[in-house]
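# Fold and geometry: a report
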Amino acid sequence: MIEMQEVWKTYSDGTPVLQNINVRIEKNEFVYIVGPSGAGKSTFMKLMYREERPTKGQIFVNNFNIGKLKQRKIPILRRNIGVIFQDYRLLSKLTVQENVAFAMEVIEASQRSIKKRVPEVLELVGLRDKINSFPSQLSGGEQQRVAIARAIVNNPSVIIADEPTGNLDPETSWEIMKILDEIHDRGATIIMATHNREIVNTLRKRVIAIENGRIVRDTHRGEYGYED
Ligand code: ADP
């Protein structure tokens, strides 16, 4: 469960980027975040994984009040949230297998569990045959699948995806969506910012639209609703 109560966010230059956000996302929901560039979508999601702190208001993730979370407790939150970006953000000097294993090493998982779990998630994203490749040897879609494997390897309850198909062609975008939908079916909560009208209007889910830092629409099985 994720809840924001009267959340405001102002960056140091003083303009409010999010204004009085009130929202509740239940366990195992799949939510698209839509809206024009600069509307505040990334900031909205950064608040959820404590990349940014709210200027005002309260944010709860799985009943943790994360605005108040002590620095030393942040790793516990991050273990519960997997994050995926438009530009993949893989470590270029590590192989596919090592990129995914690294996410388990930072939470001090045992070598035994890493050996067992990494091949499982690489199987799930369909990359078993690329385990020893480096990111530069992979297509964009393959790199995004590594990023997804890394995001889910510690079994987080929440996946946050910031324009995960933004750099991909339509066919590859659908492959990525199939994987995210599968992860959703296995019980994860998914929050995905996107500009992909076709995906939003075809794979129908809850749609939250943000404009000028405010939630202007929140619809069950909603539509993309923008001309861009
Ligand atoms: P979106 O994801 O919808 O494109 P963002 O959340 O990235 O929107 O940005 C919303 C607004 O906040 C924009 O005007 C952007 O320039 C501004 N902004 C984002 N990050 C920062 C930052 N770290 N410092 C100052 N302003 C920022």
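Residues numbered from 1 in each chain as written. Predicted model: local features only at pLDDT ≥ 70, side-chain atom pairs only at ≥ 80, totals over all residues. Heavy atoms only, no water.

What follows concerns the pattern of salt bridges. Applying the stated criterion across every chain, the model contains 13 salt bridges. As a salt-bridge pair, lysine 116 and glutamate 120 come within 3.4 Å of each other at their nearest N and O atoms. Placement of the pair is lysine 116 and glutamate 120 together in helix H4 (residues 111-124), with a separation of four residues, close to one helical turn. Given the relative accessible area of 58%, lysine 116 is considered exposed. Note on glutamate 120: relative accessible area 37%, which makes it partly exposed. (Salt bridge = Lys/Arg side-chain N within 4 Å of Asp/Glu carboxyl O. Helix = DSSP H or I, 4+ residues; strand = E, 2+ residues; numbered from the N terminus. Buried < 20%, exposed > 50% of the residue type's maximum accessible area, 1.4 Å probe, protein only.)

We now examine the pairing of strand S4 (residues 56-61). Pairing of strand S1 (residues 2-10) with S4, which is carried by five bridges, proceeds in the antiparallel orientation. Considered in S4, the bridge of glutamine 5 is made with glutamine 58. Here S4 pairs with strand S5 (residues 64-65) via two bridges, running antiparallel. Each residue of the ladder has a partner; that of phenylalanine 60, found in S5, is asparagine 65. Hairpin geometry of S4 and S5 is characterised by an intervening segment of two residues between the two adjacent antiparallel strands and by a positive phi of about 45° at asparagine 62. (Pairing = 2+ DSSP bridges.)

Before going further, it helps to examine a nonpolar patch on the surface. A cluster of nonpolar side chains, Leu91, Phe102 and Val106, forms an exposed patch at the surface whose accessible area comes to about 260 Å². Locating valine 106 in the fold gives a position in the loop between helix H3 (96-105) and H4. (Patch = residues over 30% accessible without salt bridge, like charges linked within 9 Å, V, L, I, M, F, W, Y side chains within 5 Å. Areas by Shrake-Rupley, 256 points an atom, 1.4 Å probe, with all protein chains shown as cover.)

Per the stated rule, a full pass over the model turns up two aromatic pairs. Ring plane angle 75° and centroid distance 5.9 Å describe the contact between tyrosine 224 and tyrosine 226, whose orientation is recorded as edge-to-face. Looking at tyrosine 224, the relative accessible area reads 0%, which means it is buried. Relative accessible area serves as the criterion here: at 14%, tyrosine 226 is assigned to the buried category. Between the NZ or CZ atom of lysine 56 and the centre of the ring of tryptophan 8, over which it lies, the distance is 4.9 Å. (Phe/Tyr/Trp six-rings, centres within 6.5 Å; stacked < 30°, edge-to-face > 60°. Lys NZ or Arg CZ within 6 Å of the ring centre and 35° of its normal.)

In this model, glutamate 108 sits at a positive phi of 60°, which is unusual for a non-glycine residue. One can find glutamate 108 in the loop between H3 and H4.

A general tendency of soluble globular proteins is for nonpolar side chains to be buried together. Core analysis: the largest hydrophobic core is formed by 43 residues, its most contacted members being Tyr32, Ile148 and Ile183. Excluding residues that lie within four positions of it along the chain, isoleucine 148 makes contacts with Ile84, Val125, Ile176, Ile179, Leu180 and Ile183. Grouped together as the second largest cluster of nonpolar side chains are 30 residues, Met4, Ile21, Val83 and Ala193 included. (Core = buried A, V, L, I, M, F, W, Y, C linked by side-chain atoms within 4.5 Å. Contact = heavy atoms within 4.5 Å.)

Examined against the element boundaries, aspartate 162 turns out to sit in strand S7 (residues 158-162). Although buried, aspartate 162 forms no salt bridge, and the nearest oppositely charged side chain, lysine 46, lies 6.4 Å from it. In terms of polar contacts, aspartate 162 uses its side chain to reach the side chain of serine 42, at 2.7 Å. Not counting the four nearest positions on each side in its chain, aspartate 162 is found in contact with Ser42, Met45, Ile84, Phe85, Gln86 and Ala193. (Lys, Arg positive; Asp, Glu negative; His and termini not counted. Polar contact = N/O pair within 3.5 Å; in protein donor to acceptor, adjacent residues only side chain to side chain.)

Turning our eyes to something else, we now look at the packing of H3 against helix H5 (residues 140-152). How two helices sit against one another is set out by the angle between their axes and by the gap between those axes. The interhelical angle for the contact between H3 and H5, taken along N-to-C directions, is 25°, at an axis separation of 8 Å. Of the possible angle classes, the one that applies to H3 and H5 is roughly parallel. The handedness of the crossing between H3 and H5 comes out as right-handed. On the side of H3, the interface is formed by Val96, Asn99, Val100 and Ala103, while H5 contributes Val146, Ala149 and Arg150. (Axes fitted to C-alpha atoms, helices over the stretch in contact; angles between N-to-C directions. Parallel < 35°, antiparallel > 145°, perpendicular 65-115°, else oblique. Left-handed = near helix turned anticlockwise from the far one by under 90°.)

As far as function goes, none of this settles anything; it's purely spatial.
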